[in-house]
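Below are the chains, spelled out letter by letter.
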Amino acid sequence: MSRLALVTGGTRGIGEAISIRLKKAGYLVAANYGSNEEKAAVFSERHHIPVYKFDVADFEACKLAVETIRSELGHDIDILVNNAGITRDNTIHKMTPECWHKVMDTNLGSCFNMCRIVIDSMRVNNFGRIVNIGSINGQAGQYGQVNYAAAKSGIHGFTKALAQEGARHNITVNAIAPGYIATDMVKAVPERVLEKIVARIPIGRLGEADEIARGVEFLVADEAGFVTGSTLSINGGQHMY
Ligand SMILES: NC(=O)c1ccc[n+]([C@@H]2O[C@H](COP(=O)([O-])OP(=O)(O)OC[C@H]3O[C@@H](n4cnc5c(N)ncnc54)[C@H](OP(=O)(O)O)[C@@H]3O)[C@@H](O)[C@H]2O)c1
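What counts as what
Once a new chain begins, its residue numbering starts again from 1 and follows that chain's sequence as written. Given that this is a predicted model, residues contribute local features only at a pLDDT of at least 70 and side-chain atom pairs are listed and counted only at 80 or more, while totals for whole chains, interfaces and linings are drawn from all residues. The side-chain numbers reported here are obtained from all heavy atoms of the structure, hydrogens and water having been left aside. Where helices and strands are cited, they refer to DSSP runs of H or I of at least four residues and of E of at least two residues respectively, numbered from the N terminus. Note that the radius of gyration is over C-alpha atoms, with the globule rule given as 2.2 Å times the number of residues to the power 0.38. When a residue's accessible area, from a 1.4 Å probe over protein chains only, is under 20% of the maximum for its type it is buried; when over 50% it is exposed; and in between it is partly exposed. For the area figures, the Shrake-Rupley method with a 1.4 Å probe applies, and any residue is considered shielded solely by the protein chains shown. A positive count includes Lys and Arg, and a negative count includes Asp and Glu. His and the chain ends are not counted in either. By convention, the charge on Lys lies at NZ, on Arg at CZ, on Asp at CG and on Glu at CD. Patch members must show over 30% relative accessible area and no salt bridge, and they are joined within 9 Å when carrying like charges or within 5 Å when they are nonpolar side chains of Val, Leu, Ile, Met, Phe, Trp or Tyr. Here a salt bridge means any side-chain nitrogen of Lys or Arg lying within 4 Å of a carboxyl oxygen belonging to Asp or Glu. Whether a residue is near a molecule or strand depends on its heavy atoms: it is near if one of them lies within 4 Å of it. Two N or O atoms count as a polar contact when they lie within 3.5 Å, although within protein this holds only if one can serve as hydrogen donor and the other as acceptor, and sequence-adjacent residues are included solely when both atoms are side-chain atoms. Throughout, a residue-residue contact means that at least one pair of heavy atoms, one from each residue, lies within 4.5 Å. Every residue is assigned a pLDDT by the predictor, reflecting its confidence on a scale from 0 to 100. Axis definition: a line fitted to C-alpha atoms, over the contacting stretch in the case of helices. Angles run 0 to 180 degrees between N-to-C directions. Working definition: roughly parallel below 35 degrees, roughly antiparallel above 145 degrees, roughly perpendicular at 65 to 115 degrees, and oblique for all remaining angles. Left-handed describes a crossing in which the near helix is turned anticlockwise from the far one by less than a right angle; the clockwise case is right-handed. Ten residues, namely Ala, Val, Leu, Ile, Met, Phe, Trp, Tyr, Cys and Pro, are considered nonpolar, four, namely Asp, Glu, Lys and Arg, are considered charged, and the remaining ones, Gly among them, are considered polar. When DSSP finds at least two bridges between two strands, those strands are taken to pair.

## What to know about the overall build of the protein
For the protein, the count of helices and strands is nine helices and seven strands. Against the compact-globule benchmark of 18 Å for 241 residues, the protein has a radius of gyration of 17 Å, which places it among compact chains. For the protein, the spread of C-alpha atoms along the principal axes amounts to about 50 × 40 × 35 Å. When burial is assessed residue by residue, the protein has 49% of its 241 residues classed as buried. Of the accessible surface of the protein, which amounts to about 11800 Å², a share of 53% is contributed by carbon and sulfur atoms. Looking at the protein, you have 25 positive and 25 negative side-chain charges, and the mean spots of the two groups are 4 Å apart.

## A closer look at a negative patch on the surface
On the surface, Asp55, Asp58, Glu60 and Asp105 cluster together to form a negatively charged patch. Here Asp55 is to be found in the loop between β3 (51-53) and α3 (59-73). Asp55 sits in the partly exposed class, given a relative accessible area of 39%.

## A look at the site of the ligand
Surveying the vicinity of the ligand reveals 31 residues, the closest of which are Arg12, Ser35, Asn83, Tyr148 and Thr183. Ser35 is positioned with one of its backbone polar atoms (N or O) 2.6 Å from an oxygen atom of the ligand. Separating an oxygen atom of the ligand from a side-chain N or O atom of Tyr148 is a distance of 2.5 Å. Across the complex, the protein chains shield 93% of the 900 Å² of accessible surface that the ligand would expose by itself. For the shell around the ligand, the elements supplying multiple residues, two or more each, are α1 (13-24), β2 (28-33), α6 (146-166) and α7 (184-187).

## Remarks on the side chain of Arg129
Tracing the backbone shows Arg129 in strand β5 (residues 128-133). At 5.2 Å, Asp222 is the nearest oppositely charged side chain to Arg129, a buried residue that forms no salt bridge. Separated by 3.0 Å, the side chain of Arg129 and the backbone oxygen of Ala221 make a polar contact. Once residues within four sequence positions are removed from consideration, Arg129 is found in contact with Asp78, Ile79, Leu80, Met122, Asn170, Thr172, Leu219, Val220, Ala221, Asp222, Ala224 and Gly225.

## So, the side chain of His156
Within the fold, His156 resides in helix α6. In this view, His156 contacts Gly134, Ser135, Gln139, Ala175, Ile176, Ala177 and Thr231; residues no more than four positions away in its chain are not counted.

## Here's the deal with the confidence of the model for the protein
Here the protein shows a mean pLDDT of 97. Residues at 70 or above account for 100%. Confidence, read as mean pLDDT per element, is least for α7 in the protein (85) and greatest for strand β4 (residues 79-82) (99).

## Digging into the pattern of salt bridges
Counting across every chain of the model gives 10 salt bridges. Between Lys39 and Glu16 there is a salt bridge, with the nearest N and O atoms lying 3.7 Å from each other. Placement of Lys39 in helix α2 (residues 37-47) and of Glu16 in helix α1 is noted, with a sequence separation of 23 residues between them. Here Asp76 ties to Arg70 by a salt bridge, and the two come within 2.6 Å at their closest N and O atoms.

## Some remarks on the packing of α1 against helix α9 (residues 209-220)
At their nearest, the axes of α1 and α9 sit 8 Å apart, and the two run at 50 degrees to each other. The angle between the axes of α1 and α9 places the two elements in the oblique class. The hand of the α1/α9 crossing is right-handed. Together, Gly13, Ile14, Ala17, Ile18, Arg21 and Leu22 of α1 and Ala209, Asp210, Ile212, Ala213, Arg214, Val216, Glu217 and Val220 of α9 make up the contact between the two elements. For the contact of α1 with α9, the class distribution of residues is nine nonpolar, one polar and four charged.

## Regarding the sheet that holds β5
The strand order β3-β2-β1-β4-β5-β6-β7 describes an open sheet built from seven strands, whose pairing is parallel. The outermost strands of the open sheet, each flanked by one partner alone, are β3 and β7 (231-234). Here the strands of the sheet are splayed against their neighbours by 20 degrees on average, with no regard to which way each runs. Note: strand β6 (residues 171-178) against β7, four bridges, orientation parallel. Counterpart to Ala177 in the pairing with β7 is Ser233. Across the sheet, α3 touches β1 (4-7), β2 and β3, and the angle it forms with β3 is around 155 degrees.

## Concerning a nonpolar patch on the surface
A contiguous nonpolar surface patch, about 280 Å² in accessible area, is contributed by Ile92, Trp100 and Val146. Inspection of the secondary structure puts Ile92 in the loop between β4 and α4 (97-125).

Here it is, written out as structure tokens:
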């Protein structure tokens, strides 16, 4: 039987590309979203991928959703892609505690919530693939993003710690650190700022969502069982270390 992949934030942007690519590769796919029902419905109908609305920042909602997916699709989650994420940018002297906590809970808390919930069946099944979507800005920092950079940086530490716990259960845990990708999130950046960003990308353009999805497809394969605790940077050469 095919493996089941759950992609959080899997109906738009990078997550949409991941869902589509994994489906084409032969996996069963379930896609989560947070609020944009219209977009999720169009996505689901077009790609024949079931969608599940829940807030990844809410542990109980995640738990209920995983149980629903398990019973509706008749399969444990073998592959988890923690992709859902938001920005609430501002310099720290203008940032509200609410914007700090919202980004921490949605971008980093979600990784704990989802991993905590799927880890039990992965351990029982002696198989799991987890990919957490970090960011170049979690590696290098970014002006106006102390919340986002802290959450994404946290994802990279979380990944390395969980990789050590999962290893003897054949559960691999890796991260991808995308650079600037042409999605709604980046389109929200003011044009003049975006021009400056593109000027700093050696490849000379924004990345495409499917270029991140290709990395996910590699990391979740059964054959990638020796790759764990790593961070794959896909950023057009913008940041190397
Ligand atoms: N775009 C980039 O350049 C870039 C660079 C580095 C890292 N990343 C990371 O890559 C990931 C995807 O980014 P993107 O640009 O594709 O974002 P996007 O186009 O804004 O899409 C975000 C997705 O996350 C979902 N989502 C947001 N909050 C959620 C919540 N609380 N519960 C469940 N789902 C939620 C959204 O659902 P709705 O459709 O319902 O709103 C949507 O499907 C994020 O983690 C982001 O930080 C992006």
